[in-house]
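A structural walkthrough
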Amino acid sequence: GRMNETMHELRLSYSTDVVRALVHFCRTNELSTEVGNAKSPAKARVLVQLYDCATEFELKGLLELICATLGGLTKSYPHLACAVYDEAAAYGEAMHRPKSIALQAIRHSPDAALLKKNEIGNQEPGVTSLGSATVETIIVSTVECDSLLTTSIFPTAHPHFPYL
C-alpha cells in the first residue's frame, strides 16, 4: 500500500450534513437523497451551505446540480425560497446564483413564497425564515425591479407617495 506517503490533515468548517453530502457527491456524482429532497427550511439552508463548499473546492458539476435542485425546490415549495435567500445572503456575492434563483421564485409567487402556511409538516410561512435585513432587501429589490407591481398597487399618484 501507501504506508510511506505523508498524511495531510484537512480541516473543514462545514456542518456534518454538508460534509456527508460532499462525500456522497464525490463518490456518486449525485446529490444525496437527504439533501436533494429538501422539504424543510433547514435542509434548504444545507443546500446553500453545500453550494458554498462546492465553490470553495471548485466543483462545477456539484454547483450546477445544486442550482438545478434549488430551482425545482423553490418552484415546488415556494416558501423554501425565503430560507434559501436568507442563507445565501449571509455569504455575500459568491452566492449570486442561489440568491437569484430564490428571488425569482419569490417574485413569481410572492403570496405562496412569503405568506401561505405550507401543508408539508404544517410549516410556518416562508417570511418567518427571513431576517430583517433580507426582508428589506427583498421588498426593495422587488419594488425596484417590478414596476408593474408598483403601478398595480399605486395606479395613480398618491398624496403621501408623490414619487410613485
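Since this is a predicted model, take the numbers as computed values, not measurements. (Residues numbered from 1 in each chain as written. Predicted model: local features only at pLDDT ≥ 70, side-chain atom pairs only at ≥ 80, totals over all residues. Heavy atoms only, no water.)

Quick notes on the overall build of the protein chain
Note the following rule: Secondary structure follows DSSP: runs of H or I at least 4 residues long count as helices, runs of E at least 2 residues long count as strands, and numbering of each begins at the N terminus. Only protein chains enter the accessibility calculation, which uses a 1.4 Å probe; a residue is then buried when its area is under 20% of its type maximum, exposed when over 50%, and partly exposed in between. Accessible surface area values rest on a Shrake-Rupley calculation with a 1.4 Å probe, where residue burial reflects the displayed protein chains alone.
Helix and strand counts for the protein chain come out as 9 helices and 0 strands. Sequence-ordered secondary structure for the protein chain, helices as α and strands as β, is α-α-α-α-α-α-α-α-α. Taken over 164 residues, the protein chain has a buried fraction of 36%. Carbon and sulfur atoms make up 55% of the accessible area of the protein chain, which totals about 10300 Å².

Quick look at the confidence of the model for the protein chain
Our working rule: Each residue gets a pLDDT score, which is the predictor's confidence in that residue and runs from 0 to 100. Throughout, a contact is declared for two residues whenever any of their heavy atoms are within 4.5 Å.
On average, residues of the protein chain carry a pLDDT of 79, and 70% of them reach 70 or more. The least confident element of the protein chain is helix α9 (residues 147-153), whose mean pLDDT is 44; the most confident is helix α4 (residues 60-76), at 96. Within the model, pLDDT remains below 50 along residues 143-164, and this stretch shows 7 contacts once partners closer than five positions in the same chain are excluded.

Focus on the nonpolar core
Stated formally: Each nonpolar core is a collection of buried residues, namely Ala, Val, Leu, Ile, Met, Phe, Trp, Tyr and Cys, held together in the definition by side-chain atoms within 4.5 Å.
With 37 residues, the main nonpolar core has Leu47, Leu50, Leu62, Ile66, Leu70, Leu73 and Ile106 as its most contacted residues. Counting only elements with at least two residues in this core, the list comes to α1 (16-28), α3 (41-56), α4, α5 (80-89), α6 (96-108) and α7 (110-115).

Regarding the side chain of Thr69
Tracing the backbone through its elements, the reader meets Thr69 in helix α4. Once you skip the residues sitting within four places of it in the chain, Thr69 turns out to touch Leu31, Gly36 and Leu47.

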